[in-house]
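Each chain is listed here by its residues.
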Amino acid sequence: MIMPAVSVIIVSYKVRYYIEQCLNSVLRSVPDAQILVVDNKSEDGSVEYLRERFLQAEVIANDFNAGFGKANNMALAKAKGRYVLFLNPDTVVAERTIPGCIGYMDEHPEVGAVGVRMQYGNGRFALESRRSLPTPSVSFWHMTGLGKLFPGSKVFGKYHCTYFNKDMECQIDVVSGAYMFVRREALDKGGGFDEAFFMYGEDIDLSYRILQAGYQNRYLPLPIVHYKGESTNKTSYRYAKVFYDAMLIFFNKHFKRYSRLFALLVRIVVGFRRIGTFIWQNIHAHSRR
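The rules behind each value
Residues numbered from 1 in each chain as written. Predicted model: local features only at pLDDT ≥ 70, side-chain atom pairs only at ≥ 80, totals over all residues. Heavy atoms only, no water. Phe/Tyr/Trp six-rings, centres within 6.5 Å; stacked < 30°, edge-to-face > 60°. Helix = DSSP H or I, 4+ residues; strand = E, 2+ residues; numbered from the N terminus. Buried < 20%, exposed > 50% of the residue type's maximum accessible area, 1.4 Å probe, protein only. Salt bridge = Lys/Arg side-chain N within 4 Å of Asp/Glu carboxyl O. Core = buried A, V, L, I, M, F, W, Y, C linked by side-chain atoms within 4.5 Å. Contact = heavy atoms within 4.5 Å. Polar contact = N/O pair within 3.5 Å; in protein donor to acceptor, adjacent residues only side chain to side chain. Axes fitted to C-alpha atoms, helices over the stretch in contact; angles between N-to-C directions. Parallel < 35°, antiparallel > 145°, perpendicular 65-115°, else oblique. Left-handed = near helix turned anticlockwise from the far one by under 90°.

Enquirer: What exactly am I supposed to notice about the packing of aromatic side chains here?
Expert: Each pair of aromatic rings is reported with the distance of its centres and the angle of its planes. Using the criterion set out here, one finds seven aromatic pairs in the structure. With a centroid separation of 5.4 Å and an interplanar angle of 35°, the aromatic rings of Y83 and F181 are classed as tilted. Here Y83, found in strand β4 (residues 83-87), pairs with F181, found in strand β8 (residues 179-183); they are 98 residues apart in sequence, far enough to count as distant. Like Y83, the residue F181 is buried in the burial classification. An angle of 50° between the planes, with centres 4.9 Å apart, marks the rings of Y163 and F164 as tilted. The partly exposed category is assigned to F164, whose relative accessible area is 33%.

Enquirer: Any chance you could explain the pattern of salt bridges here in plain terms?
Expert: Between side chains of opposite charge, a pair can form as their charged atoms come close. Applying the stated criterion to the full structure yields ten salt bridges. The shortest N-O distance in the salt bridge between E110 and R218 comes to 3.7 Å. Linking E110 in the loop between α4 (97-107) and β6 (111-119) with R218 in strand β9 (residues 216-226), this pair joins segments that are 108 residues apart in sequence. Note that E169 and R218 form a salt bridge whose closest N and O atoms lie 3.4 Å from each other. With a gap of 49 residues between them, E169 in the loop between α6 (146-149) and β7 (170-172) and R218 in strand β9 connect regions that are remote in the sequence. Residues joined by salt bridges that share partners form a network here, namely E110, E169 and R218.

Enquirer: Any chance you could explain the nonpolar core here in plain terms?
Expert: Note on soluble globular proteins: their nonpolar side chains tend to be buried together. Core analysis: the biggest nonpolar cluster contains 37 residues, and V6, L87, I98, Y179 and F181 have the highest contact counts within it. The element contributing the most residues to this core is α4, with five residues. Excluding residues within four positions of it along the chain, V6 makes contact with V30, A33, Q34, G81, Y83, L85, I98, I102 and F181. Counting 27 residues, the second largest nonpolar core, distinct from the first, contains I9, F86, A186 and I210.

Enquirer: Would you take a moment to explain the environment of E195 for this structure?
Expert: Relative to the helices and strands, E195 resides in the loop between α7 (184-190) and α8 (202-212). Given the relative accessible area of 42%, E195 is considered partly exposed. Once the C-alpha coordinates of E195 and K70 are considered, the two residues, 125 residues apart in sequence, prove to be 5.3 Å apart. Sequence-distant contacts of E195, defined by excluding residues within four places in its chain, comprise G69, K70 and N73.

Enquirer: For this particular structure, what's the right way to read the environment of Y219?
Expert: Its place among the elements puts Y219 in strand β9. We classify Y219 as buried; its relative accessible area is 0%. Setting aside residues no more than four positions away along its own chain, Y219 makes contact with G115, V116, R117, F125, S129, R130, K166, M168, E169, C170 and I172. At 2.4 Å, the side chain of Y219 and the backbone oxygen of K166 are in polar contact.

Enquirer: Please clarify how α8 should be interpreted in this entry.
Expert: In an α-helix, one turn spans 3.6 residues; hence positions three or four apart end up facing the same way. For α8, the tally of buried residues reaches nine of eleven residues, placing the bulk of the element in the interior. All of the buried residues in α8 are E202, D203, I204, D205, L206, S207, Y208, R209 and I210. G214 sits one or two positions beyond α8 and adopts a positive phi of about 100°.

Enquirer: Just checking my understanding: could you explain the packing of helix α1 (residues 16-29) against helix α2 (residues 46-53) for this structure?
Expert: In a pair of packed helices, the angle between the axes and the distance between the axes together describe the arrangement. It is the contact of α1 with α2, at a shortest axis distance of 10 Å, that shows an interaxial angle of 25°. Relative to α2, α1 is oriented roughly parallel. In this structure, the crossing between α1 and α2 has a hand that is right-handed. Between α1, through R16, I19, E20 and L23, and α2, the contact on the second element is made entirely by S46, Y49, L50 and R53.

The following block contains the structure:
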């Protein structure tokens, strides 16, 4: 039996109409890929719809919402490719993107994972396409907002690597979980996703463990469109709370000596987000009267 070059793993949760576009784009890019879809109890007809329309895909139907990391690990246990692509269902992949990643990884055995150039539906470049490890100093400059003020600075702009040309290949620390193309050997050495992360942060943790296993992570300017990420309100209190709680898990795991100071900084940032969200909601409600 010939093993596929890549196993594509997609976690689905109430995204029936997005995932159809995603799977069609994957099949155009790599028709012979192994496709594994894990549905986290969508209850929107996704499972039946996918099984009827995409016979090549193996659909794993959970009877509970297992979260992102755990669901990916369920499919990873069935993956047979020498590479594994963790892919969000709200993405559309260009035909050359996955073959480009396979060719690059074949030629660069030192690379454990690659990320690609993500853009939103409006064409805007997604900053999370390239990230550095959120060390205490990198996280501090990011949370203070100085990275946005000075994107060209190699100190202040390090979180999203904004000083790099987005059309150039470069070395990065963190590969986004929306499109995370990983060498299977690196996963065997570093392990799969840490299931302590329910949502957000698990891609940072896995990227770090790939680095610890002795590999490099790279950014390639190969395109995908990431639709739903565009609609996430990243200035809201709810987003800040969930995201920075995940960062606390990461710090407690890898940078424990800094975790108390970071926890204090997180509480300050989340508090400001809560106040800002409250003010914005009241202004918005008043303007609609």
